[in-house]
Amino acid sequence: MFSKNNNDKIEQLYNYIEHSHKMVAITGAGISVGAGGITFRQLSRKVHAGRLNTDDPKKMYDSFFKDYLDAMFRYQPSFSHYALADLEKEGKLMGIITTNEDCKHTIAGSKNVAEIQGGFQVNRCSKCGRHYDGYEIWNQHLDKMPQCDVCGGIIVPYELYSGIGLYEKAVVKAQQWISQADMLLIIGTNGYYGSAYWNYRRRDAIIVQINPGHTGFDDIADLNIRDECDKVFKQLQERYEKNG
């Protein structure tokens, strides 16, 4: 059974969603915990620790990206990924702003996703520069890096041809969405890169945070739910089923 306090918060979240007309979700590594595999944050720590020469794409792929991509496609998106995709289909959710690079939101069915750090959906040939955008190319070539069908060059994801940073096209989307949102649903993120879009938000937007730990959003959230996001969305689903 859920505590009365937690039930009250689920009820409050339910009411916020029902009264929202333009909701935006902001997600981080926490939403992918239930999906299994490794996070790109773990991968990036190894890269930043100097354990790999990022100037050698093939070596980087064989040593790190291959394992990450294998896990990315082996494990299904989490319950929360699917819940957000459903909210989008119902017209409740305008878009998702995420620092995640596991493509789980897209795999789960979400159409409006701003991956502000780029990732495996933004790819180009390292030789001729032709773009091969979309994550599917990696699922088709897990045994080795894909090659350009024009010049034969190695195809690399955004991080390898730009350096780990912000993907401007996605940042612009994030700024547009958050400037219109009347509700912000923050899930499993501590706010990194928030300044790239956060200052564009509507000051009257309701802010709901779902995170088992404390973050920089604690003091500004209208509602803090201290729990794993999959548990929260399952409870929220029960609330919708109860309402019929």
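Note that this is a predicted model, so its numbers are computed, not measured.

Further remarks concern helix H9 (residues 229–243). Here H9 is 15 residues long and its end C-alpha atoms lie 21 Å apart, about the 21 Å a rise of 1.5 Å per residue gives. Regarding H9, the residues found buried are Cys229, Asp230, Val232, Phe233, Gln235, Leu236 and Arg239.

Another point: the packing of aromatic side chains. Under the criterion given, the structure shown has 6 aromatic pairs. Ring geometry for Phe120 against Trp138: centres 5.7 Å apart, planes inclined by 85 degrees, an arrangement best described as edge-to-face. Of this pair, Phe120 sits in the loop between strand E3 (113–115) and strand E4 (123–125) while Trp138 sits in helix H6 (residues 136–139), placing them 18 residues apart in sequence. The burial state of Phe120 is the same as that of Trp138; both residues are buried. An aromatic cluster is present here, built from Tyr68, Phe120 and Trp138 joined pairwise through their rings. The ring of Phe79 carries Lys234 above its face, with NZ or CZ at 5.6 Å from the centroid. Note that Arg239 overlies the ring of Tyr14, its terminal NZ or CZ placed 3.9 Å from the centroid.

Turning to the confidence of the model for the protein chain, a few remarks are in order. Chain-level pLDDT for the protein chain is 87 on average; 88% of the residues reach the 70-or-more range. Every residue in residues 48–52 is under pLDDT 50, and counting partners more than four places away or in other chains gives 6 contacts.

Right, let's get into the pattern of salt bridges. Applying the stated criterion across every chain yields a total of 5 salt bridges. Residue Asp149 is joined to Arg130 by a salt bridge in which the shortest nitrogen-to-oxygen separation is 2.9 Å. Of the two residues, Asp149 is situated in the loop between H6 and strand E5 (155–157) and Arg130 in the loop between E4 and H6; the sequence distance between them amounts to 19 residues. Judged by relative accessible area, which is 59%, Asp149 ranks as exposed. Arg130 gets classed as partly exposed once you look at its relative accessible area, which sits at 40%.

Let us look at empty space enclosed by the protein. Applying the stated criterion across every chain yields a total of 2 cavities of 30 Å³ or more. One number sums up the size of the largest cavity: a volume of about 40 Å³. Taken together, Gly30, Ile31, Ile187, Gly188, Ile210, Asn211, Pro212, Glu228 and Cys229 make up the full set of residues lining the largest cavity. Of the residues belonging to the lining of the largest cavity, the class tally is 5 nonpolar, 3 polar and 1 charged.

Rules used throughout
- Residues numbered from 1 in each chain as written.
- Predicted model: local features only at pLDDT ≥ 70, side-chain atom pairs only at ≥ 80, totals over all residues.
- Heavy atoms only, no water.
- Helix = DSSP H or I, 4+ residues; strand = E, 2+ residues; numbered from the N terminus.
- Expected span 1.5 Å × (residues − 1).
- Buried < 20%, exposed > 50% of the residue type's maximum accessible area, 1.4 Å probe, protein only.
- Phe/Tyr/Trp six-rings, centres within 6.5 Å; stacked < 30°, edge-to-face > 60°.
- Lys NZ or Arg CZ within 6 Å of the ring centre and 35° of its normal.
- pLDDT = per-residue confidence, 0-100.
- Contact = heavy atoms within 4.5 Å.
- Salt bridge = Lys/Arg side-chain N within 4 Å of Asp/Glu carboxyl O.
- 1 Å grid on protein atoms, 1.4 Å probe; cavity = no way out; pocket = protein on both sides within 12 Å on 5 of 7 lines; lining within 4 Å.
- Points joined across faces, edges and corners; volume = space filled by probe spheres on them.
- Nonpolar A, V, L, I, M, F, W, Y, C, P; charged D, E, K, R; others polar.

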